[in-house]
Amino acid sequence: ISSSGVANATLPPGYQEFMHCPPGSCSLFIEHDKGLAGPASAYWKCYDERTGETTEAVWTGQYTEIEAPEGWIQDPGECEPPSTPHKNIDKP
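None of the values given here were measured: they were computed from a predicted structure.

### Considering the overall build of the protein chain
Per the secondary structure count, the protein chain includes zero helices and six strands. Each helix and strand of the protein chain, ordered N terminal to C terminal, gives the series β-β-β-β-β-β. A total of 92 residues make up the protein chain; the buried ones form 33% of that total. A separation threshold of at least 6 residues defines the contact pool for the protein chain, and within that pool the share at least 24 residues apart is 68%.

### With respect to the sheet that holds strand β2 (residues 25-29)
Ordered by their spatial adjacency, three strands build an open sheet running β2-β3-β4, and the pairing between neighbours is antiparallel. Two strands in the sheet have a free side with no partner beyond their single neighbour: β2 and β4 (53-55). Within the sheet, the average angular offset between the axes of one strand and its neighbour, ignoring direction, is 40°.

### Description of the pattern of salt bridges
Counted by the stated rule, this structure contains two salt bridges. A salt bridge links R50 to D48; its shortest N-O distance comes to 2.8 Å. Overall, the relative accessible area of 67% leaves R50 in the exposed class. Owing to a relative accessible area of 13%, D48 belongs among the buried residues under this scheme.

### Brief notes about the state of the cysteines
As used in these notes, a disulfide is a covalent bond between sulfur atoms, one from each of two cysteines. Under the defined criterion, the tally for this structure stands at two disulfides. Bridging C26 to C79, the disulfide has an S-S length of 1.8 Å. Where C26 bonds to C79 through sulfur, the torsion about that S-S bond is close to 110°, and the disulfide is right-handed. Of the two residues, C26 sits in strand β2 while C79 sits in the segment after β6 (73-74), which places them 53 residues apart along the sequence. Summarising the burial analysis for this pair, C26 and C79 share the class buried.

Analysis parameters
- Residues numbered from 1 in each chain as written.
- Predicted model: local features only at pLDDT ≥ 70, side-chain atom pairs only at ≥ 80, totals over all residues.
- Heavy atoms only, no water.
- Helix = DSSP H or I, 4+ residues; strand = E, 2+ residues; numbered from the N terminus.
- Buried < 20%, exposed > 50% of the residue type's maximum accessible area, 1.4 Å probe, protein only.
- Contact = heavy atoms within 4.5 Å.
- Pairing = 2+ DSSP bridges.
- Axes fitted to C-alpha atoms, helices over the stretch in contact; angles between N-to-C directions.
- Salt bridge = Lys/Arg side-chain N within 4 Å of Asp/Glu carboxyl O.
- Disulfide = S-S within 2.5 Å.

Take a look at the structure:
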C-alpha cells in the first residue's frame, strides 16, 4: 500500500487536461520505476533551463475550478533532458 494517494491512482478525464508552467519554462518528463501508475502530474514538471530549477505545474481541466496563475503558459513545449543533474527533482 502506498503512503501517497497518487502513487497508484490515475484521474479520470477532465481533471488534468492542461499543464501550465511559469513563463520561460518547458515541460520535463520525470521517469519513475516501472509499474508506477499515476496522474499526469506525477510524470511532468515545469523546468527552467536557465536556472536548472523545477516547479510543480498547475493542472486544469473541464471538471476543476482551478485556474492557472496569470501569465503562466498552457502546455509548454517539452524540454530536452538536461545533461547535468538539475535541482529539486523529487523521485517517489
